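# A look at the structure
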Amino acid sequence: MTILLNKPVAPCLKTMATYLEQVNASDWYTKFGPLHQKLTYKLEEYLEVKNLLLVSNGTLALQVTYKALGVKRAICTPFSYIATASSLAWDKIPTSFVDIDLNSLNLCPSLVDKKLEGSSDFDSIIATHVYGNPCAVESFDSLSSKYNVKVIYDAAHAFGVRYGEKSLLRFGDASTLSFNATKVFHTIEGGAIIFKETEVYEKAKQLINFSIDSNGTPTGAGINAVLNEYQCAVGLTLLDNIDNILDHRRIIFNEYTKLLGSLVELPIWNENTSLTNGSYFPVILKNELEKNRIKTLLDGHDIPCREYFSPSLNMVFKPEDACPVSQSIASRILCLPLHFYLTLDEVRHISRVIKESRK
Ligand SMILES: Cc1ncc(COP(=O)(O)O)c(C=O)c1O
């Protein structure tokens, strides 16, 4: 069997064709066209959020958010995909990295508290819901009030995750999503931002269209980050099937947990998570040597895996901000194959190979 690390969900061509015909008939290919409006509405409904702005990828989602919220100095998690921090560096936003919690692998609120206590320079916290595992959102809410700082969640992994009674995406001043083809839900390339305040949403909507206002007048610096109509057609097509996609991913995730939970260390899920999305299956090994051994073993069985995330982002952007927990985890974590087409048999085979290595 050929096992793939990831395999993007292919949109049904028949359904796609009906959407694409609508685009061709409307002559409206981009800039907030009818499918853009429809996808926005359907996603808001599905995710139970308001003020959702579609954008052309998850990295621009972060950059536009920083701009719309006026981020000037940020505290950022070191354990995330490179885009979370490179988008800050790209905009020359001074950033400090604060370490993660050893159990959840998310930014540690008590360390952020200490950092904010010692300095009034920061105006924003950038935290990632790593692998779709919710951050300590209530603690970050408290820090936001205590120090008057904004909280931005990189929620690229958290599509469909629910926290208590509501969508995880409703926490913070903004949450950003990536709709890259490798993600749970995708538009090939794409993303979205969910803003708490309608005013900021309106501002961001102008920013992603060259800062042109509703009268057609440019009002300052802007960028082009609009999702086009063909990509919205992909999103609408896949959204029809999203419950199946999420259900399958959860089944795979649960099977891995059952088979490997006692053999390897796993991140500890936030206990208030009421619905997961099975976006990734990370395993934490004892040390780097052990990680390399398991990786070589999996390679030998043609089983791909990914050192995700590695390196720890402080080491790329600001090595003087030591983050020992993040650095340690980055050196010994592996993500196993997980996608809509992965079968339970494949999960059992992968788990067996890892189990054999333990003997
Ligand atoms: C946590 C995180 N943030 C941001 C991004 C960037 O998203 P995109 O690839 O859509 O620009 C990704 C993509 O993998 C991600 O995993």
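Provided above is the structure to which this section pertains.
In this numbering scheme, every chain counts its residues from 1 along its sequence in written order. Two thresholds apply to this predicted model, a pLDDT of at least 70 for residue-level local features and 80 or more for giving and counting side-chain atom pairs, whereas whole-chain, interface and lining totals are computed over all residues. Note that water and hydrogens are dropped before the side-chain values are worked out from all heavy atoms of the structure.

## Concerning the pattern of salt bridges
Applicable threshold: What counts as a salt bridge is simple: a side-chain nitrogen of Lys or Arg found within 4 Å of a carboxyl oxygen of Asp or Glu. Secondary structure elements are defined from DSSP: runs of H or I of at least 4 residues count as helices, runs of E of at least 2 residues count as strands, and each element is numbered from the N terminus. In this scheme, a residue with accessible area under 20% of its type's maximum is buried, one over 50% is exposed, and one in between is partly exposed, where area comes from a 1.4 Å probe on protein chains only.
Inspection of the entire model under this criterion finds twelve salt bridges. Here E255 ties to K258 by a salt bridge, and the two come within 3.4 Å at their closest N and O atoms. One end of the pair, E255, and the other, K258, are both in helix α9 (residues 242-260), three residues apart, so they sit about a helical turn from each other. Looking at E255, the relative accessible area reads 9%, which means it is buried. Since its relative accessible area comes to 60%, K258 is described here as exposed. Within this structure, E255, K258, D345 and R348 form a network of salt bridges that share partners.

## Focus: the sheet that holds strand β10 (residues 273-275)
Filter applied, for reference: Should DSSP find at least two bridges between two strands, the strands are regarded as paired.
Strand order across the open sheet formed by three strands is β7-β6-β10, with antiparallel pairing between neighbours. Each of the sheet's edge strands pairs with one partner strand only, and the pair in question is β7 (166-167) and β10.

## Re helix α7 (residues 198-207)
Convention followed: Taken from the helix axis, the directions to the C-beta atoms give the arc we talk about. Contact definition: two residues touch when any of their heavy atoms are within 4.5 Å.
All of the buried residues along α7 are V200, Y201, A204 and L207. Buried residues of α7 fall within an arc of 115 degrees about the axis and therefore sit on the same side. Turning to α7, the residues buried within the fold contact β1 (52-55), α3 (58-68) and β9 (191-195).

## Focus on the environment of N51
Note the cut-off: Pairing of N or O atoms within 3.5 Å defines a polar contact, subject to two protein rules: one partner must be a possible hydrogen donor and the other a possible acceptor, and residues neighboring in sequence count only if both atoms are side-chain atoms.
Note that N51 resides in the loop between α2 (34-47) and β1. In this structure N51 comes out as buried when scored by relative accessible area, which is 11%. N51 sits 149 residues away from V200 along the chain, and the two C-alpha atoms are 9.0 Å apart. At a separation of 3.5 Å, a polar atom in the side chain of N51 contacts the main-chain carbonyl oxygen of K196.

## Some thoughts on the packing of helix α1 (residues 13-26) against helix α8 (residues 229-239)
Selection rule: A fitted line through C-alpha atoms represents every axis, and for helices the fit uses only the stretch in contact; the resulting angles, taken between N-to-C directions, go from 0 to 180 degrees. Angles are sorted into four bins: roughly parallel if under 35 degrees, roughly antiparallel if over 145, roughly perpendicular if 65 to 115, and oblique for all others. It is the rotation of the near helix from the far one that decides the hand of a crossing: anticlockwise by less than a right angle makes it left-handed, clockwise makes it right-handed.
The interhelical angle for the contact between α1 and α8, taken along N-to-C directions, is 150 degrees, at an axis separation of 9 Å. Taken together, the axis directions place α1 and α8 in an arrangement best described as roughly antiparallel. As for how α1 packs across α8, the hand of that crossing is right-handed. Contacts between α1 and α8 involve T15, M16, Y19, L20, V23 and N24 from the first element and E229, Y230, A233, V234, L236 and T237 from the second.

## Description of the packing of aromatic side chains
Inclusion rule: Ring pairs are drawn from Phe, Tyr and Trp, using the six-membered ring of Trp, whenever the two centres fall within 6.5 Å, and their geometry is named by plane angle: stacked under 30 degrees, edge-to-face over 60, tilted for the rest.
Evaluation of the coordinates by the stated rule reveals 18 aromatic pairs. Look at Y163 and F171: their rings are 5.2 Å apart centre to centre, the planes differ by 80 degrees, and that puts the pair in the edge-to-face class. Seen from their ring centres, F253 and F281 are 5.3 Å apart, and the 70 degrees between their planes marks the pair as edge-to-face. One end of the pair, F253, is in helix α9; the other, F281, is in strand β11 (residues 281-284), and 28 residues separate them in sequence.

## Structural notes on the environment of P78
Residue position: P78 is located in the loop between β2 (74-76) and α4 (82-90). Exposure remark for P78: the relative accessible area of 1% places this residue in the buried category. Spatially, the C-alpha atoms of P78 and S96 are 9.1 Å apart, while their sequence positions differ by 18 residues. Once residues within four sequence positions are removed from consideration, P78 is found in contact with F97, V98, D99, I100, S312, L313, N314, C323 and S326.

## Observations regarding the site of the ligand
Short version of the rule: If even one non-hydrogen atom of a residue comes within 4 Å of a molecule or strand, that residue is called near it. Residue polarity is assigned by list, with Asp, Glu, Lys and Arg as charged and Ala, Val, Leu, Ile, Met, Phe, Trp, Tyr, Cys and Pro as nonpolar; anything else, Gly included, falls into the polar class.
Near the ligand, the surroundings consist of 15 residues, among which G58, T59, D154, S178 and K183 are the closest. Within the contact set of the ligand, an oxygen atom lies 2.6 Å away from a side-chain nitrogen or oxygen of T59. Contact distances for the ligand include 2.7 Å between a nitrogen atom and a side-chain N or O atom of D154. Elements supplying a minimum of two residues to the shell around the ligand: α3 and α4. Taken together, the residues that form the shell around the ligand break down as four nonpolar, nine polar and two charged.

## Thoughts on the sheet that holds β1
Strand pairing within a sheet occurs via backbone hydrogen bonds; the two strands may be parallel or antiparallel. The mixed open sheet is built from seven strands, whose spatial order is β1-β9-β8-β5-β4-β2-β3. In this open sheet, the two edge strands, each paired with only one partner strand, are β1 and β3 (95-97). Neighbouring strand axes in the sheet, compared pairwise and without regard to direction, differ in orientation by 20 degrees on average. The sheet contact formed by β2 and β3 spans three bridges and is parallel. Bridging across to β3, C76 finds its partner in F97. Relative to the sheet, α4 contacts β2, β3, β4 (124-128) and β5 (150-154), its axis offset from that of β2 by approximately 160 degrees.

Keep in mind these numbers describe shape, not what the thing actually does.
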